[in-house]
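Architecture and fold: a report
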Amino acid sequence: MMRRRLALVALLAVFGLVVAACGDDDGGTTAAPTTTAATTTTAAPTTTAAPTTTAPPETTTTAAPIAAKICEITDVGGIDDKSFNETAWRGMELARDQLGVEVAYLESQAATDYRPNIDAFVNEGCELIITVGFLLANDTALAACDYPDQKFAIIDQQPEFYPGSPWADADGNPLCDFSQVRGLTFATDEAAFLAGYLAAGMTQSGVVGTFGGINIPPVTIFMDGFVKGVRYYNELNGTDVQALGWNPDTAEGLFTGNFESLDDGRAFGENLNDEGADIVLPVAGPVGLGTAAAAQERGFLVIGVDADQYLTAPEFAGVWLTSILKNMDVAVLNTITNVLNLGSVGNLYVGTLANGGVGLAPYHDLEGTVPADLAAAIEQIKADIIAAGGLAAFLTS
Amino acid sequence: MSDRPELEQSPEEKKPGRLGSRLFREITGVGVDWRSAMLVPLLAVITALIVSAVIIAITDVDALRMWGSKPGEAAAETFGTIRDAYVALFKGAFWGLKAFSETLIAAAPLILTGLSVAIGFRAGLFNIGPEGQMLMGGLAATIIGFYFDLPAVIHLPFALLGGLVAGAIWGGIPGLLRAKTGAHEVITTIMLNWIAIRFIDWVLKTSFVQQGGRQDPVSKNVRPSALLPRFFDDPTIRLHAGVIVALLAAAFIFWLLYRTTIGYQFRAVGYNPDAAHYAGMKVTWMYVLVMAIAGGMAGLGGANQILGPLVRATPGFSAGIGFDAIALALLGRSHPVGVVLAGLLFGALEAGGREMQVATDVSIDLILVVQALIVVFIAAPALIRAIYRVRTGGEAERITKGWAA
């Protein structure tokens, strides 16, 4: 139902874009870009933003012949979620501009769409198919076995073999050889830890909160790192900041149960705010936009996820304290480069603070409100985590 | 409309509910003669496709930019985009075995849930709960599918039956509430949808159902013996026996409604519950039975999804099909044959929409627009008649008078 409402909004938005696009027609029509208007306009301002993106905006696209077709399949959040799927798509756009590849995407409306979408792209002759997200693991695994020559990359998953794994049978044996599949995974808890520390240092009420979309590891890793960061702050500074919405010890917490309903995002944000939280971390793709809207009305702060949401959702500029960056665009671009140069997808990718695969976005408008010693402490912790070689090692040291 | 003044003339029509029930019949197609029943949906679909073509045109930014300088080329470009999009839509739905297989796969659960809504309409009941009934039916099929280890001849029918029964119970509850307390089924079915959605979220995390070794809410895999058999060995042609289940269900509902005494009573209750009661029918019992059968059909739809393409349950695996079913039953004029045709059309739109996006970059969201427009035009039959100046107006007037008398 929520997708329906989204679609309607999208339609109106597209109509608005058309009107805007017509306005600047001065006769100087350029050669037609191949993508639709909505994606280019929303993504354009974001490319220059993320600190780790390697794309100099002045890169001139030479009219090179199209090297290959690279295809992305989104989960049910949609390509324009200003967060998860959109960040991966930005990597595709970088590849189009820098490497001259042809890019395409398919949005999944439901879990039953994953497999047909993969089949459609295999038939289309895509050199590499990137499936965005944990939820597509089962279908990606089965498709990879059915098409042993088709290259795949999957975000937030890697072929792992244990009983119950999407990549293994009931005994934990691999379903087939997955050498043509690359996992793009992220140590998101490292960046989320920094965000938790920041939130604990910034809260006025002494309460911060978080909630997730669905209780799956790539979501809970944000919440886990966040709460651990809050606890670390308490430990270091002798404070008692409470973190609501996730308990790392029991692995239970607050979940909307979907990645679509902005209304749920609003309700969960308001509930946490009612419980006293003045900083909320929604980990649910577009759902967080609902939380941001509630934050704008009620005057609490929100921490963005995946992309720097100050830039992807500037309409809520004042409420983004920071964003936990999960630079899927870097991973996607890296994989596409591998495919073009080496002819293979490459080994498992793990994004960390050390390699810039994850990170904390700038504070933007709230720069002045973050105390200098807090900002410095966060920089120090970041350096220490990198030096220790990961969050777990840092916490035990 | 010309029938307005007549409404004023008849004191009967001024009673609240009368106008509502007339509109209800005209929208749901209950009691409308078959030629008019065919014509309005057909014109609604055509109109929706035309309006969608306009939407494709105004969202084709490249062409819009050209209108200022080179209107000729812009017109050609716009026309080309629309043609390409609809050709891709058609090819993706019907061109070749694989495409048609995808259409049928998408159509099967839509037909089953559409029947659920349609039989409710026939008896004058709004079943807004197929989504929840689907979930409960699918959950029952999942549990039977992974828990029991039986030969396929027993296991598959058992799992399907389990889905049917669970859906029937979930659908029967609002029927019982309506019969015993008068609580309106629109409210109760919607509320039961949410209970089912949250119940699935919870049950998928219990150790009995959850896949071992996983942290996320996903059920154990259904055993192969309970899966609906596929027709082809090629793994990319996924057509499974679920489409036969859907067609058999449609045949059953047709038989039930038009060839049995119970079906006659259902329809009598739908036309006029007071008269049905006066004629000695147990109206309250009918409400329970109709809702249980409706729920059973939706439950079968959920089982079809689990035992067909999904193999395991995840949160919200019903994916809004239960809500699409309402639109589908309206398009199918609440008739089993109409529901099958409407299900095929919606399935074709879904399968073709994918190809349309791959081949032409026209967003698959356009399919939602087409479906929404179809519903708008169905819900406003007067609009369709006005646009096409169809002479069904006379017939409608005659029917209206018949009811008013």
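Residues numbered from 1 in each chain as written. Chains lettered and ligands numbered in written order. Predicted model: local features only at pLDDT ≥ 70, side-chain atom pairs only at ≥ 80, totals over all residues. Heavy atoms only, no water.

Before going further, it helps to spend a moment on the overall build of chain A. Along the backbone of chain A there are 13 helices and 14 strands. Put simply, chain A has 397 residues, and 57% of those count as buried. A total of about 15,000 Å² of accessible surface is found on chain A, and carbon and sulfur atoms cover 53% of it. (Helix = DSSP H or I, 4+ residues; strand = E, 2+ residues; numbered from the N terminus. Buried < 20%, exposed > 50% of the residue type's maximum accessible area, 1.4 Å probe, protein only. Areas by Shrake-Rupley, 256 points an atom, 1.4 Å probe, with all protein chains shown as cover.)

For the rest of this paragraph, the subject is the packing of aromatic side chains. All names here are of chain A. Under the criterion given, the structure shown has 22 aromatic pairs over all chains. With centroids separated by 5.3 Å and ring planes inclined at 45°, the aromatic side chains of Phe211 and Phe268 adopt a geometry described as tilted. Remark: Phe268 occurs in helix H8 (residues 262–274) and Phe211 occurs in strand S6 (residues 207–212); sequence separation between them is 57 residues. Considered together, Phe211 and Phe268 belong to a single accessibility category, that of buried residues. (Phe/Tyr/Trp six-rings, centres within 6.5 Å; stacked < 30°, edge-to-face > 60°.)

This brings us to the sheet that holds S6(A). All names here are of chain A. Spatial strand order, S7-S6-S10-S11-S12-S14: six strands in an open sheet with mixed pairing. Pairing within the sheet leaves two strands with one partner each, and these edge strands are strand S7 (242–244) and strand S14 (358–360). Taken over all neighbouring pairs, the strand axes of this sheet differ in orientation by 20° on average, direction set aside. Where strand S12 (residues 320–326) and S14 come together, three bridges link them in antiparallel fashion. If you follow Lys326 over to S14, its bridge partner there is Val358. The strands touched by helix H7 (residues 217–237) are S6, S7, strand S10 (279–283), strand S11 (301–306) and S12; relative to S6, the strand with the most contacts, the crossing angle is about 170°. (Pairing = 2+ DSSP bridges. Axes fitted to C-alpha atoms, helices over the stretch in contact; angles between N-to-C directions. Contact = heavy atoms within 4.5 Å.)

This part covers the domain arrangement of chain A. All names here are of chain A. The assigned domain composition of chain A is domain 1 (2–18 + 40–50 + 65–186 + 329–351) and domain 2 (189–325 + 363–396). Computed over C-alpha atoms only, the centres of domain 1 and domain 2 are separated by 26 Å. Contacts between the two partners involve 19 residues from domain 1, matched on the other side by 19 residues from domain 2. Carbon and sulfur atoms supply 72% of the area buried between domain 1 and domain 2, which totals about 1,600 Å² over both sides. Where domain 1 meets domain 2, there are zero salt bridges. Counting across the interface, domain 1 meets domain 2 through four residue pairs in polar contact (both at pLDDT 80 or more). For the side of domain 1 that touches domain 2, the residue count by class is eight nonpolar, four polar and seven charged. (Domains from an automatic or database assignment. Buried area = accessible area lost by both parts, 1.4 Å probe. Salt bridge = Lys/Arg side-chain N within 4 Å of Asp/Glu carboxyl O. Polar contact = N/O pair within 3.5 Å; in protein donor to acceptor, adjacent residues only side chain to side chain. Nonpolar A, V, L, I, M, F, W, Y, C, P; charged D, E, K, R; others polar.)

A few words now on helix H9 (residues 152–181) of chain B. End to end, H9(B) covers 43 Å across 30 residues, agreeing with the expected 44 Å (1.5 Å per residue, within 8%). B:Gly182 sits one or two residues past H9(B) and shows a positive phi near 80°. (Expected span 1.5 Å × (residues − 1).)

Although it is not a glycine, A:His364 sits at a positive phi angle of roughly 50°. Relative to the helices and strands, A:His364 resides in the loop between S14 and helix H12 (372–388). One non-glycine residue with positive phi stands out, namely B:Ala319, at about 55°. Looking at the secondary structure, you find B:Ala319 in the loop between helix H14 (283–310) and helix H15 (321–331). Here B:Ala319 falls in the partly exposed class, since its relative accessible area comes to 33%.

Residues and elements named next belong to chain A. Evaluation of the coordinates by the stated rule reveals two disulfides over all chains. For Cys71, the disulfide goes to Cys126, at an S-S distance of 1.9 Å. Residues Cys71 and Cys126 share a disulfide whose torsion about the S-S bond is about -75°; that sign makes it left-handed. You can see Cys71 sitting in strand S1 (residues 69–73) and its partner Cys126 sitting in the loop between helix H4 (114–123) and strand S3 (128–131), a full 55 residues away along the chain. As far as burial versus exposure is concerned, Cys71 and Cys126 are alike and both buried. Between the sulfur atoms of Cys145 and its disulfide partner Cys176 the distance amounts to 2.1 Å. Taking the torsion about the S-S bond as the criterion, the Cys145 to Cys176 disulfide, at about -95°, is left-handed. Separated by 31 residues along the polypeptide, Cys145 in helix H5 (residues 137–146) and Cys176 in the loop between strand S4 (151–155) and strand S5 (181–186) bring together distant segments of the chain. If the cysteines joined by disulfides in chain A are listed in sequence order, their pairing comes out as 1-2, 3-4. (Disulfide = S-S within 2.5 Å.)

Further remarks concern the confidence of the model for chain A. Residue-level pLDDT values for chain A average 83, and 83% of them are 70 or greater. A low-confidence stretch, residues 1–64 of chain A stays under pLDDT 50, and its non-local contacts, those more than four residues away or across chains, total 84 contacts. (pLDDT = per-residue confidence, 0-100.)

Residues and elements named next belong to chain B. In contact at an axis separation of 7 Å, helix H8 (residues 130–147) and H9 are set at 145° when each is read in the N-to-C sense. For H8 against H9, the interelement crossing comes out right-handed. Here Gly132, Gln133, Met136, Gly137, Ala140, Ala141, Ile144 and Gly145 of H8 lie close against H9, whose contacting residues are His155, Phe158, Ala159, Gly162, Gly163, Ala166, Gly167, Trp170 and Gly171. When the residues that make up the contact of H8 with H9 are grouped by side-chain class, the tally is eight nonpolar, nine polar and no charged. (Left-handed = near helix turned anticlockwise from the far one by under 90°.)

Here we take up the sheet that holds S3(A). All names here are of chain A. The six strands are arranged S2-S1-S3-S4-S5-S13 in an open sheet whose pairing can be described as parallel. In this open sheet, the two strands that pair with only one neighbour each are strand S2 (102–106) and strand S13 (349–351). Between one strand axis and the next, the sheet turns through 15° on average, direction left out of account. By the bridge criterion, four bridges tie S3 to S4 in an arrangement that is parallel. Within the sheet, the bridge partner assigned to Thr131 lies in S4 and is Ile154.

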